[in-house]
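The residues making up each chain are set out below.
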2 protein chains.
Amino acid sequence: MSDIVYDIPEVKETAVRHTLAVLVDNEFGVLARVIGLFSGRGYNIESLTVAEVEHDQKLSRITIVTSGSEMVIEQIKRLLERMVPVHKVNDLTTEGVHIEREVTLVKIRNNTPNTEEALRIADVFRARAVDTSQDSFVFEVTDTSDKIDAFIDLMRPLGMTEMARSGVVAIAAGKKK
Amino acid sequence: MSDIVYDIPEVKETAVRHTLAVLVDNEFGVLARVIGLFSGRGYNIESLTVAEVEHDQKLSRITIVTSGSEMVIEQIKRLLERMVPVHKVNDLTTEGVHIEREVTLVKIRNNTPNTEEALRIADVFRARAVDTSQDSFVFEVTDTSDKIDAFIDLMRPLGMTEMARSGVVAIAAGKKK
């Protein structure tokens, strides 16, 4: 027995945020399988969006924002690529500059002492009022996740009652010469 | 045996499109279970988006657009409500007027004979150029699914090379007096 406390430095890789674009067959159960791959192994999904992109070829594009050590990200990509209904996996984070956007609908109480300030903030964030009633406004705001986080943080104390947020869509930027 | 052909009218309920807002615990595996409920029973998912809405209470909101007979829709709602991590299911389609939006990023070739027409259409649809290079534009467009379908149909023959689409977010409109 000893009282010496060993100060062993923790070997811990930093988690990095990666955005993956995954082209899959638009078939029954493919989304469930892709999500199952993450939840079954404890891999994190920060955001997921999916939509059909080629109607004729029955293809869908899933955009997944995940985070983990570089080793985990590589593992995720390898597992996705091996799935039969997966045609292509693009890691937008490592492949150069890319554009990310989310849309969010935010409902704010109307006719309160905070209404004027809420409208001013909406204006700054280029949010559009898509519904107006005596009791509430619904704003539509499309931006990066960071900007949407900031918008929500500002709106929450000003009478925000409800919101619906899409998660991230992403696309590689064009090559600049 | 008889040669009489009985012309029995087919009893077939029309499939209707419903938009559901589902508030769930933001826990590991909940999304996989919700999607599993649909894929396991052959229920259709036209669109699905998910994002955290209450960080403190660890709640996420899933917006699902599904279609089926009224009987199937009722069954889906009942099954969702019975799941432990589901707090609330709102059928926005039956609960009055609601707002739906999607964001889509569309990449179009630049410097082609079609570029001018593509820019004109982007302008009509209030699409914003979020990236421009010698070879391509990336447009961001936020609108209803119908409008986005129309935008994509027009852009596809004008040099569309890639797109990423979020799926639907939805929120109930304010009550009009």
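Residues numbered from 1 in each chain as written. Chains lettered and ligands numbered in written order. Predicted model: local features only at pLDDT ≥ 70, side-chain atom pairs only at ≥ 80, totals over all residues. Heavy atoms only, no water.

A word on the packing of aromatic side chains
Residue and element names in this part refer to chain A.
- Here the structure, examined in full by the defined rule, presents 6 aromatic pairs over all chains.
- With a centroid separation of 6.4 Å and an interplanar angle of 85°, the aromatic rings of Phe 38 and Tyr 43 are classed as edge-to-face.
- Residue Phe 38 is classed as buried on the basis of its relative accessible area of 0%.
- On the accessibility criterion, Tyr 43 (13% relative accessible area) is buried.
- With a centroid separation of 5.6 Å and an interplanar angle of 15°, the aromatic rings of Phe 137 and Phe 139 are classed as stacked.
- The exposure class assigned to Phe 137 is buried, which follows from its relative accessible area of 10%. (Phe/Tyr/Trp six-rings, centres within 6.5 Å; stacked < 30°, edge-to-face > 60°. Buried < 20%, exposed > 50% of the residue type's maximum accessible area, 1.4 Å probe, protein only.)

Some remarks on the domain arrangement of chain A
Residue and element names in this part refer to chain A.
- Looking at chain A, the domain boundaries give domain 1 (16-91) and domain 2 (98-172).
- Once you take the C-alpha centre of each, domain 1 and domain 2 turn out to be 28 Å apart.
- In this assembly, 8 residues from domain 1 lie in contact with 9 residues from domain 2.
- Both faces combined, the contact of domain 1 with domain 2 buries some 550 Å², and carbon together with sulfur accounts for 44% of it.
- Linking domain 1 with domain 2 are 1 salt bridge.
- As a salt-bridge pair, Arg 17 and Glu 100 come within 3.3 Å of each other at their nearest N and O atoms.
- Here domain 1 is connected to domain 2 by 5 residue pairs in polar contact (both at pLDDT 80 or more).
- Grouping the constituent residues of the side of domain 1 that touches domain 2 by class yields 2 nonpolar, 4 polar and 2 charged. (Domains from an automatic or database assignment. Contact = heavy atoms within 4.5 Å. Buried area = accessible area lost by both parts, 1.4 Å probe. Salt bridge = Lys/Arg side-chain N within 4 Å of Asp/Glu carboxyl O. Polar contact = N/O pair within 3.5 Å; in protein donor to acceptor, adjacent residues only side chain to side chain. Nonpolar A, V, L, I, M, F, W, Y, C, P; charged D, E, K, R; others polar.)

Some words on the sheet that holds strand β2 (residues 47-54) of chain B
- Strand order across the open sheet formed by 8 strands is β4(A)-β1(A)-β3(A)-β2(A)-β2(B)-β3(B)-β1(B)-β4(B), with antiparallel pairing between neighbours. Sheet topology places β4 (86-91) of chain A together with β4 (86-91) of chain B at the edges, where each strand pairs with a single neighbour. This sheet shows a mean twist of 20° between the axes of neighbouring strands, independent of strand direction.
- Sheet topology note: the strand β2 (residues 47-54) of chain A/strand β3 (residues 59-68) of chain A ladder contains 7 bridges and is antiparallel. Within β3(A), the position partnered with A:Val50 by the bridge is A:Ile62. (Pairing = 2+ DSSP bridges. Helix = DSSP H or I, 4+ residues; strand = E, 2+ residues; numbered from the N terminus. Axes fitted to C-alpha atoms, helices over the stretch in contact; angles between N-to-C directions.)

Digging into helix α1 (residues 30-41) of chain B
- With 12 residues, α1(B) should cover 16 Å at 1.5 Å per step; its first-to-last C-alpha distance of 17 Å lies within 8% of that length.
- Of the positions making up α1(B), those classed as buried are B:Val30, B:Leu31, B:Ala32, B:Val34, B:Ile35, B:Leu37 and B:Phe38.
- Taken together, the buried residues of α1(B) touch α1 (30-41) of chain A together with β1 (16-25), β2, β3 (59-68) and α2 (70-82) of chain B.
- Trailing α1(B) by a residue or two, B:Gly42 shows a phi angle of about 75°, which is positive. (Expected span 1.5 Å × (residues − 1).)

Considerations on the pattern of salt bridges
- Taken as a whole and judged by the stated rule, the model has 26 salt bridges over all chains.
- Notably, a salt bridge pairs A:Asp131 with B:Lys176, separated by 2.7 Å at the nearest N-O pair. Remark: B:Lys176 occurs in the segment after β9 (169-172) and A:Asp131 occurs in strand β6 (residues 128-132); the pair is interchain, linking two chains.
- Assessed through its relative accessible area of 8%, A:Asp131 is described here as buried.
- A salt bridge links B:Arg165 to B:Asp149; its shortest N-O distance comes to 2.8 Å. Taken as a pair, B:Arg165 in strand β8 (residues 160-165) and B:Asp149 in helix α4 (residues 145-155) lie far apart in primary sequence, 16 residues in all.

Re the environment of A:Leu79
All names here are of chain A.
- Among the structural elements, Leu 79 can be located in helix α2 (residues 70-82).
- The sequence separation of Leu 79 and Arg 101 amounts to 22 residues, and the corresponding C-alpha distance is 26 Å.
- In this view, Leu 79 contacts Leu 37, Arg 41 and Tyr 43; residues no more than four positions away in its chain are not counted.

Quick look at the relation of the copies chain B and chain A
- Relative to chain A, chain B is turned by 180° and slid 0.0 Å along the rotation axis, the superposed coordinates differing by an RMSD of 0.0 Å. These values place the two chain copies in the arrangement generated by a two-fold rotation axis. (Least-squares fit on C-alpha atoms with pLDDT ≥ 70 in both.)

Section: α2(B)
Residues and elements named next belong to chain B.
- In this model, α2 (13 residues) spans 19 Å end to end at C-alpha, consistent with the 18 Å of a helix rising 1.5 Å per residue.
- Buried within α2 we find Ile 73, Ile 76, Lys 77, Leu 79 and Leu 80. Looking down the long axis of α2, one finds its buried residues gathered within 165° of arc, a one-sided arrangement. Residues Met 71 and Arg 82 are exposed on α2 and point more than 90 degrees away from its buried face. (Arc of directions from axis to C-beta.)

Side note on the nonpolar core
- In this structure, A:Val22, A:Ile62, A:Leu80, B:Ile62 and B:Leu80 are the most contacted members of the largest nonpolar core, which totals 42 residues.
- Those residues within four positions of A:Ile62 in sequence are excluded, and the remaining contacts are A:Leu20, A:Ala21, A:Val22, A:Val24, A:Leu31, A:Val34, A:Leu48, A:Thr49 and A:Val50. (Core = buried A, V, L, I, M, F, W, Y, C linked by side-chain atoms within 4.5 Å.)

With respect to the interface of chain B and chain A
- Of the residues lining the interface, 51 residues belong to chain B; the matching set on chain A comes to 53 residues.
- At the junction of chain B with chain A, the criterion picks out 6 salt bridges.
- Applying the counting rule to chain B against chain A returns 13 residue pairs in polar contact (both at pLDDT 80 or more).
- Breaking the side of chain B that touches chain A down by element, the ones donating at least two residues are α1, β2, β5 (98-109), β6 (128-132), β7 (136-143), β8 and β9 of chain B.
- Take the side of chain B that touches chain A: its biggest share by element is 7 residues, from β2(B).
- In the side of chain B that touches chain A, the residues fall into 22 nonpolar, 12 polar and 17 charged.
- Strand direction decides the pairing type here: β2(A) and β2(B), joined by 3 bridges, are antiparallel. Looking at β2(B), one finds that A:Val50 is bridged to B:Leu48.

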